[in-house]
Amino acid sequence: MTMPPEASAAAAQRRRVRAYYQATQPLYTALWSPSAVHYGLWEVGTRTHSESILNLDRHAAEHLALPPGARVLDAGCGVGGTSRLLASRYGLRVVGATLSPRQVRGAARRARQLAPPTRPQFLLADFASTPFADATFDGIVAIESFCHAERRLEVLAEAHRLLHRGGRLVVADGFRSDDRHLATDPRYRALCHGMALPDLAGAAEFIAALGAVGFRVERDVDLTPAILPSAHRIATLSRIGVRVCRALRLPRAWLAHGEAGLAQLPLFREGLLSYRVVVAVKTRRDGVSARALQHASNGTPQMTRQASGSRHPSEAAG
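Each value, and the rule that gives it
Residues numbered from 1 in each chain as written. Predicted model: local features only at pLDDT ≥ 70, side-chain atom pairs only at ≥ 80, totals over all residues. Heavy atoms only, no water. Helix = DSSP H or I, 4+ residues; strand = E, 2+ residues; numbered from the N terminus. Expected span 1.5 Å × (residues − 1). Buried < 20%, exposed > 50% of the residue type's maximum accessible area, 1.4 Å probe, protein only. Salt bridge = Lys/Arg side-chain N within 4 Å of Asp/Glu carboxyl O. Axes fitted to C-alpha atoms, helices over the stretch in contact; angles between N-to-C directions. Parallel < 35°, antiparallel > 145°, perpendicular 65-115°, else oblique. Left-handed = near helix turned anticlockwise from the far one by under 90°. Contact = heavy atoms within 4.5 Å. Nonpolar A, V, L, I, M, F, W, Y, C, P; charged D, E, K, R; others polar. Polar contact = N/O pair within 3.5 Å; in protein donor to acceptor, adjacent residues only side chain to side chain. Phe/Tyr/Trp six-rings, centres within 6.5 Å; stacked < 30°, edge-to-face > 60°. Pairing = 2+ DSSP bridges. Core = buried A, V, L, I, M, F, W, Y, C linked by side-chain atoms within 4.5 Å.

**Student:** Can you tell me about helix H2 (residues 49-64), naming the residues and giving the values?
**Tutor:** For H2, with 16 residues, the first-to-last C-alpha span of 23 Å sits near the 22 Å given by 1.5 Å per residue. Buried residues dominate H2, accounting for 12 of its 16 residues. Buried within H2 are the following residues: His49, Ser52, Ile53, Asn55, Leu56, Asp57, Arg58, His59, Ala60, Ala61, His63 and Leu64. A positive phi of about 50° marks Ala65, the residue just after H2.

**Student:** Describe the pattern of salt bridges, and please don't skip the residues or the numbers.
**Tutor:** If you walk through the whole model with that rule in mind, you get 14 salt bridges. Where Arg14 meets Asp126, a salt bridge forms, and the shortest distance between an N and an O atom there is 3.4 Å. With Arg14 in helix H1 (residues 5-32) and Asp126 in the loop between strand E3 (121-124) and strand E4 (137-143), this pair connects stretches of sequence that are 112 residues apart. What emerges from the salt-bridge pattern is a single network uniting Glu43, Arg58 and Glu62.

**Student:** Before we move on, could you go through the packing of H2 against helix H3 (residues 81-90) and cite the residues and values that matter?
**Tutor:** The contact between H2 and H3 brings their axes to 10 Å, and the two run at 60°. What the angle tells us is that H2 and H3 run oblique. For the pair H2 and H3, the crossing hand works out as right-handed. Counting all contacts with H2, which are made through Leu54, Asp57, Arg58, Ala61, Glu62 and Leu64, the residues of H3 involved are Gly81, Thr82, Leu85, Leu86, Arg89 and Tyr90. Residues of the contact of H2 with H3, tallied by class, amount to 6 nonpolar, 2 polar and 4 charged.

**Student:** Please provide a residue-by-residue account of the environment of Glu205, values included.
**Tutor:** Position of Glu205 among the secondary structure elements: in helix H7 (residues 203-212). Of the residues examined, Glu205 reaches a relative accessible area of 14% and is grouped as buried. Spatially, the C-alpha atom of Glu205 lies 9.6 Å from that of Arg176, the residues being 29 residues apart in sequence. A polar contact is formed between the side chain of Glu205 and the side chain of Arg176, at a distance of 3.2 Å.

**Student:** Requested: an account of the packing of aromatic side chains, with residues and values cited.
**Tutor:** For the structure shown, the criterion picks out 8 aromatic pairs. Between Phe146 and Phe206 the ring centres are 4.8 Å apart and the planes differ by 55°, which places this aromatic pair in the tilted class. Separated by 60 residues along the polypeptide, Phe146 in the loop between E4 and helix H5 (152-162) and Phe206 in helix H7 bring together distant segments of the chain.

**Student:** Describe in detail the environment of Val37, supporting the description with residues and values.
**Tutor:** Here Val37 is to be found in the loop between H1 and H2. Note on Val37: relative accessible area 3%, which makes it buried. Along the chain, Val37 and Val79 lie 42 residues apart, while their C-alpha atoms are 7.8 Å from each other.

**Student:** I'd like to hear about the pairing of E4, residue by residue, with values.
**Tutor:** When you tally the buried positions in E4, you get 7 out of 7 residues, the bulk of the element. Judged from the 3 bridges that link them, strand E1 (residues 71-75) and E4 form a sheet pairing that is parallel. Counterpart to Asp74 in the pairing with E4 is Val141. Pairing analysis gives 6 bridges linking E4 to strand E5 (residues 163-176), with the strands arranged parallel. Each residue of the ladder has a partner; that of Ile140, found in E5, is Leu169.

**Student:** With reference to specific residues and values, describe the side chain of Ser238.
**Tutor:** Its location among the elements puts Ser238 in helix H8 (residues 224-248). A polar atom in the side chain of Ser238 sits 2.7 Å from the backbone oxygen of Ile234. Ignoring sequence-local partners within four residues, the contact set of Ser238 consists of Gly258, Gly261 and Leu262.

**Student:** Mind laying out the sheet that holds E5, listing which residues take part and the relevant values?
**Tutor:** Spatially, E3-E2-E1-E4-E5-E7-E6 is the arrangement adopted by the 7 strands of the open sheet, whose pairing is mixed. Every interior strand has two partners, whereas the edge strands, E3 and strand E6 (215-222), have only one. Between one strand axis and the next, the sheet turns by 15° as a mean value, whatever way the strands run. Looking at chain direction, E6 and strand E7 (residues 273-282) are connected through 7 bridges and run antiparallel. Among the inter-strand pairings, Asp222 is bridged to a residue of E7, identified as Arg276.

**Student:** Which residues make up the nonpolar core, and what values go with them?
**Tutor:** Across soluble globular proteins, you tend to see nonpolar side chains buried next to one another. Grouped together as the largest cluster of nonpolar side chains are 53 residues, with contacts concentrated most on Leu191 and Tyr275. Residues within four places of Leu191 in sequence aside, it is in contact with Leu197, Leu200, Ala260, Ala263, Gln264, Leu267 and Leu273. Judged by nonpolar contacts, the second largest core, of 30 residues, contains Ile140, Val155, Phe175 and Ala280.

**Student:** So what's going on with unusual backbone geometry? Residues and values would help.
**Tutor:** Even without being glycine, Ala65 reaches a positive phi, approximately 50°. Tracing the chain through its elements places Ala65 in the loop between H2 and E1. Although it is not a glycine, Ala196 adopts a positive phi angle of roughly 55°. Within the secondary structure, Ala196 is located in the loop between helix H6 (186-194) and H7. Take Ala196: its relative accessible area is 0%, and that puts it in the buried class.

Given below as structure tokens:
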């Protein structure tokens, strides 16, 4: 049986993301953070890189605004740093999902320090199609994982299905500026190539798609200035890493990852990309129909995927 082209592309993208994190997680752990693969948030008074990493996790938790005992899905959980903070500091019952077996093992190992009542659970799963029943969760957090999705409307529809009415979705991620066409920009191609991105969503497109599938957008905050110190740090590490990879002929995935790290800084500085936290609330109890998805696709054509010209394996699950 032949798979439809859209399904085939989504399956290929899942393989790229899995391969990317399997290859690059050791780099993230050794050079970035043992608990996170996301940008740091440099608020007033922030003094260290590790503090900036925790700031973003705390920011997400505060936007979830859930009481102890609430159930949360960490969609694209990476090595579980956000999950552990949500569980240990906020008393939430957390399940983390990632496509990378290496990340699942690392997340579970690090979570052993927590007692069973607050210990997060981690599973190998695609957050576009999870094994959970309808209305399982009170909140969903997705830190730098939505960017990897090939079929974005289906991801949002799945998030809608998993939340009960009034449930909260918090997305922290990079977005394209809506008035820019980046497909031919070599820096953008390097970013997508090296980080397993099919393309980034446009900010306005994303907001429109949330409304189309049954969410009410509560907040859309541009945090680009606050992540720029992290972007500079990534570029500095990447500059060294690219030289080492070329000199020692290290794995190509590492070289592509380093080239992506060099590319992201000017894209943010020039306003071609923005880093945003979007908070949305489920307002409809019913699931999203095929008609609604089709309507959303017609209204926001880029949400399926803009042809970026990059089809190479690579990404970061928050």
